[in-house]
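Here is what each chain is made of, one letter per residue.
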Amino acid sequence: MDDVTAALRSEPVSLEQVKVELPAAPGLYAWWGRFGALPGISGPRHPEVALQLLYVGIAPNGAASQATLRSRVVGDHVRGTTGSSTLRRSLAALLSEQQGWRSRWTTRPVLVNADELRLSEWMGEKLRLTWAEHPEPWTLEAAVIAELEPPLNQADNATHPLFSYLRDARKQWREQARGDA
């Protein structure tokens, strides 16, 4: 596991680089952001650059899935929607009020299309990514989250000091989206 956490702590790359460099392989990924980018959120400091850890994810999430780092990160997080990305839902819940983004209800809260694009732009400006290839990332996910302590993870992270803050922000966002439906 040490090689995985070391890779996740390597120098993060921009989302433009991610679109070119991220392999179509299984593994784990870590989202890093500028300090102060998310209201009320602070994560562990990157060892080399002025960024903080925000979220750790995996692809695939089990043996039956065909997802790869590339399909999950680029397809769901970078180019996807809040409907297909837990990370995007958390970011929307934390930023919608500050950014003036609008939401609607489907089977869950999602941003309106124009604001999905604004969230993608925000991510491109504020976030960076690292990754580590691993053949069975789901076997390491809980241990990596416990070691790295990313504040935006909800699964396997209930003891994190910001768990309730994020849970409450997501609940408020859900309620707001239902009210606007």
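Residues numbered from 1 in each chain as written. Predicted model: local features only at pLDDT ≥ 70, side-chain atom pairs only at ≥ 80, totals over all residues. Heavy atoms only, no water.

Across its full length, the chain holds seven helices and five strands. Tracing the chain from N to C terminus, the helices and strands come up as α-α-β-β-α-α-β-β-α-β-α-α. Against the globule reference of 16 Å for 181 residues, the chain gives a C-alpha radius of gyration of 15 Å, in line with a compact fold. Per-residue burial for the chain yields a buried fraction of 50% across its 181 residues. Across the chain, contacts joining residues at least 24 apart in sequence account for 69% of those joining residues at least 6 apart. Taken as a whole, the chain presents about 8,600 Å² of accessible surface, with 47% of it coming from carbon and sulfur. Once the 20 positive and 21 negative side-chain charges of the chain are each reduced to a mean point, those two points are 8 Å apart. (Helix = DSSP H or I, 4+ residues; strand = E, 2+ residues; numbered from the N terminus. Rg over C-alpha atoms; globule rule 2.2 N^0.38 Å. Buried < 20%, exposed > 50% of the residue type's maximum accessible area, 1.4 Å probe, protein only. Contact = heavy atoms within 4.5 Å. Areas by Shrake-Rupley, 256 points an atom, 1.4 Å probe, with all protein chains shown as cover. Lys, Arg positive; Asp, Glu negative; His and termini not counted. Charge placed at Lys NZ, Arg CZ, Asp CG, Glu CD.)

Attention now moves to the nonpolar core. Counting 34 residues, the largest nonpolar core has Val18, Trp31, Leu38, Leu91, Trp122, Met123 and Leu152 as its most contacted members. Elements with a contribution of two residues or more to this core: helix H2 (15–21), strand E1 (27–33), strand E2 (52–59), helix H3 (69–78), helix H4 (86–99), helix H5 (113–126), strand E5 (127–133) and helix H7 (163–179). Looking at this core element by element, the count peaks at six residues for H4. Here leucine 152 is in contact with Leu38, Ile41, Leu54, Tyr55, Leu87, Ser90, Leu91, Leu94 and Leu166, once residues within four sequence places are set aside. Core analysis: the second largest hydrophobic core is formed by 14 residues, Val4, Ala30, Ile58 and Ala132 among them. (Core = buried A, V, L, I, M, F, W, Y, C linked by side-chain atoms within 4.5 Å.)

On to the side chain of glutamate 116, then. Assignment of secondary structure puts glutamate 116 in helix H5. What makes glutamate 116 buried here is its relative accessible area of 7%. Within the structure, glutamate 116 has its side chain in polar contact with the side chain of arginine 88 (distance 2.9 Å). Those residues in contact with glutamate 116 that sit more than four places away from it in its chain are Gly80, Thr81, Thr82, Arg88, Val110 and Leu111. (Polar contact = N/O pair within 3.5 Å; in protein donor to acceptor, adjacent residues only side chain to side chain.)

Going through the model one piece at a time under the given rule, you end up with seven salt bridges. Two residues, arginine 9 and glutamate 147, come together in a salt bridge whose shortest N-O distance is 3.4 Å. With a gap of 138 residues between them, arginine 9 in the loop between helix H1 (2–8) and H2 and glutamate 147 in helix H6 (residues 141–148) connect regions that are remote in the sequence. Judged by its relative accessible area of 30%, arginine 9 falls in the partly exposed class. A salt bridge links lysine 19 to glutamate 16; its shortest N-O distance comes to 3.2 Å. Remark: glutamate 16 and lysine 19 occur in helix H2; sequence separation between them is three residues, near one turn of the helix. The exposure class of glutamate 16 is exposed, given its relative accessible area of 55%. Through salt bridges with shared partners, a single network forms among Arg102, Asp115 and Arg118. (Salt bridge = Lys/Arg side-chain N within 4 Å of Asp/Glu carboxyl O.)

Moving on: the sheet that holds E2. Overall, antiparallel pairing links the three strands, which are arranged E2-E1-E5 in an open sheet. Looking at the sheet topology across the chains shown, the edges are occupied by E2 and E5. Each strand of the sheet is rotated relative to its neighbour by a mean of 20°, with strand direction disregarded. Across the sheet, H3 lies against E1, E2 and E5, angled at about 35° from E1, the strand it touches most. (Pairing = 2+ DSSP bridges. Axes fitted to C-alpha atoms, helices over the stretch in contact; angles between N-to-C directions.)

Inspection of the secondary structure assignment puts glutamine 17 in helix H2. Judged by relative accessible area, glutamine 17 falls into the partly exposed class, the value being 35%. When the C-alpha atoms of glutamine 17 and leucine 129 are compared, they prove to be 9.2 Å apart, with 112 residues separating the residues in sequence. A distance of 3.1 Å separates a polar atom in the side chain of glutamine 17 from the backbone nitrogen of serine 14.

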